[in-house]
Amino acid sequence: MQTIIEIKNLRKIYKDNKVALDDVNLNIFKGEIIALLGPNGAGKTTLISNICGISSITSGDIKVNGFDVVDNYREARKCIGIVPQELSFEPFEKVINTVNFSRQLFGKKPDGKYIENLLKKLSLWDKKDQIIRSLSGGMKRRVLIAKALSHEPDVLFLDEPTAGVDVELRKDMWNTIKNLQNSGVTIILTTHYIEEAELMANRIAVINNGKILLIDKKDNLIDRMSKKTLIIHTNSKINKIDKALGKFKLRISNDKKNLEYDYSPNKKKTGITTLLNEIKKTGIELIDVQTKQSNLEQIFVEILKND
Amino acid sequence: MINFRSIKAIYIFEMSRTFRTLIQSLISPILSTVLYFIVFGTAIGNNINFTNEIPYGAFIVPGLVILTISMQSVNNASFGIFFPKFLGTTYEILSAPISYVEIVIGYVGASATKSFCLGLLILMTSTFFVDLDIKFPILMLCMLLLSCVSFSLLGFIIGIVSDNFEQINFVPMIIITPLVFLGGSFYTIDVLPDFWQTITLFNPIFYLVSGFRYSFFGTGEVNIIISIFSISLFILLCILIIWRIFKTGYKIKT
């Protein structure tokens, strides 16, 4: 896969000596959606700001489309569009004017047809002559996306695009992002909504305390890190686990009717057959068995706990 | 290579703000100037005579123009850059493929253009009150332009370093207005006591007003070369400060 953003040994230390990014290495591939997942203050926005030139780099290298963001900032920045977390606008400006301004600010010739298509795609065309102040929160977010896409960038940064928006709008935004990916734009999404990362991303990078703790394809990550739990329903109350079952590290459920057994589905031997045989020997009568898979949220919590 | 399209984008965006607030941008300063002419030029001015050759009403025209354009240039440029900071839209400027020099040209250029047009409008307005015969019109236009650029650069610096609207207003109200009033806008410094004459020589606006007045009447209180040198020095100082601000990212980058 072709690398579109290459980050090597990136460090960012603020004036108060706070280390915001600590030796970050990351390659982002053309056409993918990568989610930067991390709690507040993890360094997600700082990473984006460093790539886009909004904050200065302490040390390290960043290349966008092969152009260094410091030495060759003009070429690098032409490839980038950014949608900030905050809804920041000139409140009395018309939608069409602010989008045209963004296009020309990035050195592109005015192109009425492109802007018209863009605004139509984002359902903003009928609002083009409205002043931004009069728009709803969701529409304002779309205007920010239109501004970021106005100069036809190859890479789009979305900094927590669904923070504070309602469920319906969030789903709408996810559709928009998917459509953008289909049109060939590489998308870097920062979020602390696990559901969002799980639904949208091809790859997920978990970031905390300025470090990338883990990066992998979403499916690999779930496969690699996920646990399954076997829930064994019995028809009698269990107060104590039989000694013979001690090696399985079973748990008793709160209602004392079920036994729970954690196992890794990716291992060749899960131990389920042995466990069920041992249970049979103890004379416990089974009613039902079921399995439960851990989701990305539990994986994320696990990663942060181990950091 | 200079990115003219980006400069033009900032310039037009800033100029469009003027058209949205036309009354505030043009009518208000012109009205203030008219009041100055009525009070100082006509009502009181008929009893004042600093120079035998120049009527007092005409004498104060250059000072009034400098008073207005200095305030307007500082306000225009400081609000131009402070407003995006306040609204949080500087991210777009900082992430655009545009150099710091181009950013400054866009903002300061728009601010200076507005002030320059305003200066010309005030001059036209003044002709309704006094007979104005400008001796060196080209020099006058150059001095007007230099003044607009220099104060716009100062305003740009104020806009960047200010953290709130109070600080934005502080410099024009507390520093520039007194300096213009005490810089010989409405009198010649030889009417002052010796001590205040010496103090006035440290006021940069004095050289500006003197040079501007020279372009109107062919006489100034200091040599025109000294005036031009002073303005150039002021512009250079502002450019150095702006260069330093962008180099260090002071108050614009984290």
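Scroll up to find the structure this text is about.
Note that the structure is a prediction, hence the values are computed from the model and not measured. All residue numbers here refer to positions counted from 1 along the written sequence of the relevant chain. Chains and ligands are labelled by the order in which they are written, letters from A for the one and numbers from 1 for the other. Since the coordinates come from a predicted model, pLDDT governs what is reported: local features require at least 70, and pairs of side-chain atoms require 80 or more to be given and counted, while whole-chain, interface and lining totals use all residues. Remark: hydrogens and water are excluded; side-chain values derive from all non-hydrogen atoms of the structure.

**Some thoughts on the sheet that holds strand 11 (residues 228-234) of chain A**
All names here are of chain A. In this description, strands pair whenever DSSP reports at least two bridges between them. Helix and strand definitions follow DSSP, with helices as H or I runs of at least four residues and strands as E runs of at least two, each counted in order from the N terminus. The 4 strands are arranged 12-13-11-14 in an open sheet whose pairing can be described as antiparallel. The open sheet terminates on both sides in strands that have one partner only, identified here as strand 12 (251-252) and strand 14 (286-293). Looking at chain direction, strand 12 and strand 13 (residues 258-263) are connected through 2 bridges and run antiparallel. Bridge pairing in strand 13 links Arg 251 to Glu 260.

**Focus on the environment of Asn 306 of chain A**
By the secondary structure assignment, Asn 306 of chain A is in helix 10 (residues 296-306). The sequence separation of Asn 306 of chain A and Pro 265 of chain A amounts to 41 residues, and the corresponding C-alpha distance is 21 Å.

**Topic: unusual backbone geometry**
All names here are of chain A. Unlike most non-glycine residues, Glu 160 shows phi in positive territory, near 45 degrees. Mapping Glu 160 onto the fold places it in the loop between strand 7 (155-159) and helix 6 (167-182). One non-glycine residue with positive phi stands out, namely Lys 249, at about 50 degrees.

**Describing a nonpolar patch on the surface**
Residues and elements named next belong to chain B. On the surface, Leu 31, Leu 35, Ile 38, Val 39, Ile 44, Phe 128 and Phe 129 cluster together into a nonpolar patch covering about 680 Å² of accessible area. With respect to the helices and strands, Ile 38 occurs in helix 2 (residues 22-44). The exposure class of Ile 38 is partly exposed, given its relative accessible area of 42%. Only residues whose relative accessible area exceeds 30% and that take part in no salt bridge are eligible for patches, with like-charged residues grouped when within 9 Å of each other and nonpolar side chains (Val, Leu, Ile, Met, Phe, Trp, Tyr) grouped when within 5 Å. In these tables, accessible area is a Shrake-Rupley quantity obtained with a 1.4 Å probe, and a residue counts as shielded only by the protein chains included in the view. By definition, a salt bridge exists where a carboxyl oxygen of Asp or Glu is found within 4 Å of a side-chain nitrogen of Lys or Arg. Think of it in three bands: residues with accessible area under 20% of the maximum for their type are buried, residues over 50% are exposed, and the middle band is partly exposed, with areas taken using a 1.4 Å probe on protein chains only.

**Things to note about the sheet that holds strand 6 (residues 80-83) of chain A**
Residues and elements named next belong to chain A. Sheet architecture is open: 6 strands sit in the order 6-7-8-3-9-10, paired in mixed fashion. Edge strands, defined here as strands with exactly one partner in the open sheet, are strand 6 and strand 10 (211-217). Ignoring strand direction, the axes of neighbouring strands in this sheet form an average angle of 15 degrees. Pairs of residues are marked as contacts when any of their non-hydrogen atoms sit within 4.5 Å. Helix axes are fitted to C-alpha atoms over the stretch in contact, other axes to C-alpha atoms as well, and angles between N-to-C directions run from 0 to 180 degrees. Here helix 1 (residues 44-52) sits on the sheet in contact with strand 3 (33-37), strand 6, strand 7, strand 8 (186-191) and strand 9 (203-208), set at roughly 150 degrees to strand 7.

**What about helix 2 of chain B?**
Residues and elements named next belong to chain B. Residue count minus one, scaled by 1.5 Å, sets the expected span of a helix. Here helix 2 is 23 residues long and its end C-alpha atoms lie 31 Å apart, about the 33 Å a rise of 1.5 Å per residue gives. The quantity called bend is, for any residue, the angle between two axes fitted respectively to the seven residues ending at it and the seven beginning at it. At Phe 37, helix 2 is deflected by roughly 25 degrees, the largest bend along its length. Where helix 2 is concerned, the buried positions are Ser 25, Pro 29, Ile 30, Thr 33, Val 34, Phe 37 and Gly 41. Along its buried surface, helix 2 packs onto helix 1 (4-20), helix 3 (56-59), helix 4 (61-87) and helix 6 (100-126).

**What to know about the interface of chain A and chain B**
Chain A puts 29 residues into the contact, and the matching count from chain B is 26 residues. Each partner contributes to the roughly 2700 Å² buried at the junction of chain A and chain B, and carbon and sulfur atoms together form 56% of this total. Once two parts are joined, some of their accessible surface, as seen by a 1.4 Å probe, is lost; buried area is that loss totalled over both. Contact with chain B buries area across many residues of chain A, yet Arg 74, Glu 90 and Leu 105 of chain A alone supply 25% of it, more than any other trio. Where chain A packs against chain B, one counts 3 salt bridges. Between Glu 90 of chain A and Arg 17 of chain B there is a salt bridge, with the nearest N and O atoms lying 2.7 Å from each other.

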